[in-house]
Amino acid sequence: MPSKASSPHVALLIETSRTYGRELLHGVRKYVAEHGPWSLLVESRSLESPPPPWLPAWKGNGILTRSGSQAMADAVSRAKLPTVELRSTRLQHSFPFVGVDNRSLGKSVAEHFLSRGFRHFAVYQLGAEEYFQQRCENFVQTVADNGYEASRYHPRNRREQPTEWEQAQQELADWVDQLPKPVGVMACTDQLGFWLLDACRRCGAIVPEEVAVVGVENDASLCNMASTPLSSIELNGVAIGYRAAELLEHLMRGGKPPKKPILIEPLGVVTRLSSDVVAVDEPELAAALLFMREHACDGISVSDVLRAVAISRSSLERGLRKLLGRSPNQELLRLKLNRAEELLTHTDLTLAAIAEKCGFRRTQHLAETFRELFRTPPGQYRRERRKA
């Protein structure tokens, strides 16, 4: 049996009840598989679980925690062990933090709606945590930078646990009903997104044609159980868990904590039916955009769009430049590159295979245009996204 010195004993106080927590655990396991072994103490938990009774007497080497309360943060502090926090909160503690770049997150959601031609925007937010504020403020600022305003909704109950469910939903439905439409709404968690879609049903708002919704966290159970499957930002929990384990290893070896939080960009919007729409007033232009979005990776040209949709070349050019600030060719290229980015992030396909799937005739053309848009070569981009 390996000695304690050669096999660190590490407690993972991370919720197993949510998709994000399980992704963090997967990232930790990936690090341990590559650099271990570690003796891992893991038990079924929720974010609200109290401090475990065994913690005060535990003689371990390090802790990775998602502290859901001040009581949990205090209990972990009293253990006086190298610790990394994976939940950015207003709780009082001195642990180094590894987690999501929430400012980047808000920008990604705003760009998701902007790329679909939305001109009305809103955000359903909570004020309970600083990271909620960061998500929402950056969403609002990105919308403002593009010349638009975003409405805000703050529920009276600032937690994800309303005391009066029916009343809370009616107030939310009243807010949705008065929004200008079509509108793109960011819900700062998937739980809020789930409730927002229910409120749309209650007030008769059509999703996604009148109200498009994107949540945060990409929790599989909530997103797929929603009345309309919920689009959501995927947080890159595997990379965050891996990086947190790497930092904990450094601390357990006597290293100094970083001076600043380690922030990792989300993977982007996982599009489901709740936001899979193009918000355009002109039917012909909307049809052209939909055709381009569905067939860009088939290698189509602008001529193919004109043959498929009853719209003139000048109307298509003028409409897209007014709506998106891009020409038809630029929009086709953007759609192909976004698909390439998705495949680089989520698959092990070679660059040549990705080029073929995205409608590029030459791999080199994909590499050159990808580097121009994303400011980094495809191979380096893949490595950074997987092991931030």
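Check the entry above for the structure.
For the structure given in this document, a descriptive report is provided here. From a predicted model like this one, the values you see are computed outputs, not experimental measurements.

To continue, consider empty space enclosed by the protein. Counted under the stated rule, the structure contains 1 cavity of 30 Å³ or more. Empty space within the largest cavity amounts to approximately 30 Å³. Lining the largest cavity are Leu-13, Ile-14, Glu-15, Arg-45, Ser-46, Leu-47, Ser-49, Arg-66 and Met-72. Grouping the constituent residues of the lining of the largest cavity by class yields 4 nonpolar, 2 polar and 3 charged.

Our focus in this paragraph is the packing of helix α11 (residues 313-324) against helix α12 (residues 328-346). Running from N to C, α11 and α12 point in directions that differ by 60 degrees, and their axes come no closer than 9 Å. By the criterion of interaxial angle, the relationship of α11 to α12 is oblique. For the pair α11 and α12, contact is made by Leu-316, Glu-317, Leu-320, Arg-321 and Leu-324 and by Pro-328, Gln-330 and Glu-331, respectively. Partitioned by chemical class, the residues of the contact of α11 with α12 number 4 nonpolar, 1 polar and 3 charged.

In this structure, Ser-67 sits in the loop between β3 (62-65) and α2 (70-79). Here Glu-85 takes part through its side chain, which lies 2.7 Å from a polar atom of the side chain of Ser-67.

Criteria and thresholds
- Residues numbered from 1 in each chain as written.
- Predicted model: local features only at pLDDT ≥ 70, side-chain atom pairs only at ≥ 80, totals over all residues.
- Heavy atoms only, no water.
- 1 Å grid on protein atoms, 1.4 Å probe; cavity = no way out; pocket = protein on both sides within 12 Å on 5 of 7 lines; lining within 4 Å.
- Points joined across faces, edges and corners; volume = space filled by probe spheres on them.
- Nonpolar A, V, L, I, M, F, W, Y, C, P; charged D, E, K, R; others polar.
- Axes fitted to C-alpha atoms, helices over the stretch in contact; angles between N-to-C directions.
- Helix = DSSP H or I, 4+ residues; strand = E, 2+ residues; numbered from the N terminus.
- Parallel < 35°, antiparallel > 145°, perpendicular 65-115°, else oblique.
- Contact = heavy atoms within 4.5 Å.
- Polar contact = N/O pair within 3.5 Å; in protein donor to acceptor, adjacent residues only side chain to side chain.

Interpretation in functional terms is not warranted from these geometric data alone.
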